[in-house]
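# A structural walkthrough
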Amino acid sequence: DTGSITPSSLQLADAMVEDMGLGEADTVVELGPGTGVFTRVIQERLKPDARFFCFEINRALARSLSERFPRAEVVNDTVENLSRHLKAAGRDLSDATISGLPWAAFTPERQELLLDATVEALKPSGRFATFAYSHAIWLPQARRFRERLESRFGRVESSPVVWRNVPPEHRPPR
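So, a few notes on the structure that sits alongside this text. Note that the structure is a prediction, hence the values are computed from the model and not measured. (Residues numbered from 1 in each chain as written. Predicted model: local features only at pLDDT ≥ 70, side-chain atom pairs only at ≥ 80, totals over all residues. Heavy atoms only, no water.)

## Side note on the sheet that holds strand β2 (residues 51-55)
Spatially, the 5 strands line up as an open sheet ordered β3-β2-β1-β4-β5, and their pairing is parallel. The open sheet is flanked by β3 (73-75) and β5 (122-129), the only strands paired with a single partner. Pairs of neighbouring strands in the sheet enclose a mean axial angle of 20°, with direction left out of account. Lying on the sheet, helix α5 (residues 108-120) is in contact with β1 (27-31), β4 (94-99) and β5; it crosses β5 at an angle near 130°. (Pairing = 2+ DSSP bridges. Helix = DSSP H or I, 4+ residues; strand = E, 2+ residues; numbered from the N terminus. Axes fitted to C-alpha atoms, helices over the stretch in contact; angles between N-to-C directions. Contact = heavy atoms within 4.5 Å.)

Here's what the structure looks like:
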């Protein structure tokens, strides 16, 4: 399953990786890559010796990602086990984590659990990017998620709306 009615646009993918430092990162993580729109853009910007991990819970999507993106190390597991998989691969923490997860669709408990696992696996100087659909950013679930981000990160920034995405999106955290 995916969290959107349509795949994300290349414009959204470009906006998501902007200022993430992918060209200098040793370890990059993508959460919920789905159909791989962000995956393609991320792998194009990585330095040659970087490790790139994609966490996809849907078995069929994970298999497709593995076939289409041989550079990505696709993990068919929940984000809750992120740290364990990174350590098993000889990487303790991520330099950059890019999320396509539908955070506002999760229960408060699930948001908390997955966000804690994400932050635990991110370097203190690491960067985290995710997005929200512009029509949903004022919903209680989205506002709650923003508050959770602000409680965990020293700085949370919003980017301009990416109008060439259906539906239009707004990237709140940075």
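We are not done yet, so read on.
## Concerning the environment of S94
Among the structural elements, S94 can be located in strand β4. Under the relative-accessibility criterion, S94 is labelled buried at 0%. In this structure, the C-alpha to C-alpha distance between S94 and V28, residues 66 residues apart in sequence, is 5.6 Å. Among residues more than four places away in sequence, those in contact with S94 are T27, V28, V29, L86, A121, L122, K123 and G126. A distance of 2.7 Å separates a polar side-chain atom of S94 from the backbone oxygen of A96. (Buried < 20%, exposed > 50% of the residue type's maximum accessible area, 1.4 Å probe, protein only. Polar contact = N/O pair within 3.5 Å; in protein donor to acceptor, adjacent residues only side chain to side chain.)

## What to know about unusual backbone geometry
For D19, which is not glycine, the phi torsion reads 65° and is therefore positive. By the element assignment, D19 lies in the loop between α1 (10-17) and β1.

## Thoughts on helix α3 (residues 59-68)
Taken together, the buried positions of α3 are occupied by L61, A62 and L65. Seen end-on, α3 carries its buried residues on one side only, within an arc spanning 100°. α3 presents R59 and E67 as exposed residues on the side facing more than 90 degrees away from its buried surface. Packed against the buried residues of α3 are α2 (37-45) and β3. (Arc of directions from axis to C-beta.)

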